[in-house]
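Chains, contacts and geometry: an overview
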Number of protein chains: 2
Amino acid sequence: MKGPDTMQQDHIHSAFDADLSSLRSQVMTMGGLVENSIRQVSKALNRRDSERADRVVAGDVEIDKLEELISRKAIELIALRQPNARDLRTAIAVMKIAVSLERVADYSKNIAKRSTVLTHSPPLDIGIGSIKRLSKAVRIQIKHVLDAFIKGDVERADFVIYRDEEIDQMYNALFREFLTHMMEDPRSISSCMHFLFIAKNLERMGDHATAIAEQVIYMITGTLPTDDRDKNVMTDFDEYLT
Amino acid sequence: MKGPDTMQQDHIHSAFDADLSSLRSQVMTMGGLVENSIRQVSKALNRRDSERADRVVAGDVEIDKLEELISRKAIELIALRQPNARDLRTAIAVMKIAVSLERVADYSKNIAKRSTVLTHSPPLDIGIGSIKRLSKAVRIQIKHVLDAFIKGDVERADFVIYRDEEIDQMYNALFREFLTHMMEDPRSISSCMHFLFIAKNLERMGDHATAIAEQVIYMITGTLPTDDRDKNVMTDFDEYLT
C-alpha cells in the first residue's frame, strides 16, 4: 500500500500532468489557428479577396491571446509546482513554441495586409504560382512540427529542420524571378516589392518551424540540435550584384 | 530579535535578490553588446569595411550565449525560489527582454552580411545618410529602453514607445527614396533592394525596442501598456501602387 507521502506526491503529479496536458492541447489549438491563417492568407492573395484578408488580420487577436495565456500558464506551472527536469523542459518548450507560433501568425497578418494593398494594382503575370507553392510548403512544415511536438517524435522534428533548406531554395528561386521581372519592367517594381516582402515573410515562417522543431528536440532529449546550417545565411540575389 | 523562521526568510530573500540583480546586470551587459553591434554595423556599411562586418557576425555568438544563459537562470530562479508577484514579473520581463535583444543582434548580423555583399557593387549616391540616421535613432532607442529597465523608469519606457513612430516615419521616407531611385535607374535595383532590406531590419529593431519598453512597464506596473498603435501597420509604399 502507498503511504500518505506517496499519495500526496501522486496527487501533485497528477495535477501537474493535467496542467501540462492542458497546456499541450492549447499549443495544438494555437497551431491549428496558425495553420488556418496561412491557408486563408494564401487564398486571399490568389483570389485577390480582401475580405478574406481582413478576416486573417482580425483572427490574429485570438492567436495573440492564446500565446499570452500559454506563457502565463507555463510560468505559473514552473513557479508553483517545482517540476522535475523533463517537465520543466516541456513547460519551457511550450512557452517558446507559443512565441514562435505567434510570430508566424504575425507574418501571416503582414501578408494579409500586403495582399489587400495588391488588390489595388494590376495583377502580375508571374510569381503567383511560386508563392502559392512556398506558402503550402511552409504550412506543411508547421503541420509536421506540431505533429512532432504532440507525439514527441524526434525524427519528424529532425526532418522539419532538414526540409527548411528546400524552403530557402524556393525563396531564392522566387527572389530571382521577381528581381528579373523588376529589371525588365520597372513599372512592376512596387508590386514585385510587395511580393518579395511576402516571400521573405514566408521564408521567415519556415525559420520559425525550424525553431519549433529545435524546441521539440530539446523537450524530448534535453539538448538542442547542433546548428550545422546557418539559418541567417544571406543567399538572396548575391549573384545579381555587379 | 528575529526568530529563526524570519532569518530563514531573509536568507532566501537576499539570495533571491542577489540572483535577480545578477540577471539584471547580465541583461545590461547583453544590451551593451547589442548597442555596440548596431554601431559597428553602421560603420561597416558606411565605410564599406567588410572586416568590421565580419566581426559583427562573429560577435553575435556571444550575444546568443548570453541570451541562453539569462533565460536558463531566470527559469531556475522561478522554478527554485517561488518568487512573489513582482519578482516573478521581473524574472519574466528579463527573459523576454533578452529574447528581444537577441533578435536585434540577429538583425544587426543580417545587415552585416548584406553590407559585405554591397562592397562588391558600385556605391550608391543616395540613401547612405538616411540609413545612418535611422541606425543611430534605433541605437538611441535601445539605449533609452535599457536605461528605463535598469532604473525602473516608466516614463522613459513610455517615451521609447512614443518615439517609435519617428523611426517608422524615417523608414517610410527611406523606402520612398530607394523606390524612386529604383524606378529611375533599374540597374540599381539589386543594390537598392539590399538597402531596403537593411532599412526594414532597422525598423524591426525599433519594434523590438518598443517590445522591451512594454516589458519594462509590465515589470514595474504589472500591466502591459494598451496598444493604441498598430505596430504592424503596413505603410510602406502603398501610395506607389497604381
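Placed above this text is the structure.
Cut-off values and rules
- For every chain, the first residue of the written sequence is number 1, and numbering continues from 1 along that sequence.
- All chains are assigned letters beginning with A, and all ligands numbers beginning with 1, in the order in which they are written.
- The predicted origin of the model limits local features to residues at a pLDDT of at least 70 and limits the giving and counting of side-chain atom pairs to 80 or more, whereas totals for whole chains, interfaces and linings rest on all residues.
- Each side-chain value is worked out from all heavy atoms of the structure, with water and hydrogens disregarded.
- Here, a salt bridge means any Lys or Arg side-chain nitrogen found within 4 Å of an Asp or Glu carboxyl oxygen.
- Relative accessibility under 20% of the residue-type maximum defines a buried residue, over 50% an exposed one, and the middle range a partly exposed one, all with a 1.4 Å probe and only protein chains included.
- Secondary structure counts use DSSP, requiring at least four H or I residues in a row for a helix and at least two E residues in a row for a strand, with both numbered from the N terminus.
- Any pair of Phe, Tyr and Trp rings, taking the six-membered ring for Trp, is counted once the centres come within 6.5 Å. Such a pair is stacked with planes under 30 degrees apart, edge-to-face with planes over 60 apart, and tilted for the rest.
- As a reminder, the over-ring test applies to NZ of lysine and CZ of arginine, requiring each to be within 6 Å of the ring centre and within 35 degrees of the ring normal.

1. What to know about the pattern of salt bridges
- Taken as a whole, this structure holds 20 salt bridges over all chains when the rule is applied.
- In this structure, A:Asp153 and A:Arg156 form a salt bridge, with 3.6 Å as the shortest nitrogen-oxygen distance.
- For A:Asp153, a relative accessible area of 25% puts it in the partly exposed group.
- With a closest N to O distance of 3.2 Å, B:Asp185 and B:Arg187 form a salt bridge.
- Among the residues examined, B:Arg187 registers a relative accessible area of 73% and is labelled exposed.
- It is possible to trace a salt-bridge network through shared partners that takes in A:Asp147, A:Asp153 and A:Arg156.

2. Overview of unusual backbone geometry
All names here are of chain A.
- The backbone of Arg48 shows a phi angle near 50°, a positive value even though the residue is not glycine.
- Looking at the element boundaries, Arg48 is found in the loop between helix 1 (4-47) and helix 2 (50-81).
- The class of Arg48 is partly exposed, set by a relative accessible area of 33%.

3. Here we look at the environment of A:Lys136
- Among the secondary structure elements, A:Lys136 is positioned in helix 4 (residues 128-151).
- With 38 residues separating them in the primary sequence, A:Lys136 and A:Ala98 have C-alpha atoms 21 Å apart.

4. A look at the packing of aromatic side chains
- The final tally for this structure, using the stated rule, is nine aromatic pairs over all chains.
- Between A:Phe175 and B:Phe197, the ring centres sit 6.3 Å apart and the planes meet at 35°, which makes this aromatic pair tilted. Here A:Phe175 is found in helix 5 (residues 154-184), whereas its partner B:Phe197 is found in helix 6 (residues 189-221) on a different chain.
- Judged by centre distance (5.4 Å) and plane angle (5°), the ring pair of B:Phe178 and B:Phe195 falls under stacked. Of this pair, B:Phe178 sits in helix 5 (residues 154-184) while B:Phe195 sits in helix 6, and the two are 17 residues apart along the sequence. Comparing B:Phe178 with B:Phe195 shows no difference in burial state: the two are buried.
- Each member of the aromatic cluster is reached from another via a ring pair, and the members are A:Tyr171, A:Phe175, A:Phe197, B:Tyr171, B:Phe175 and B:Phe197.
- Residue placement shows A:Arg24 over the ring face of A:Phe149; its charged tip is 5.2 Å from the ring centre.

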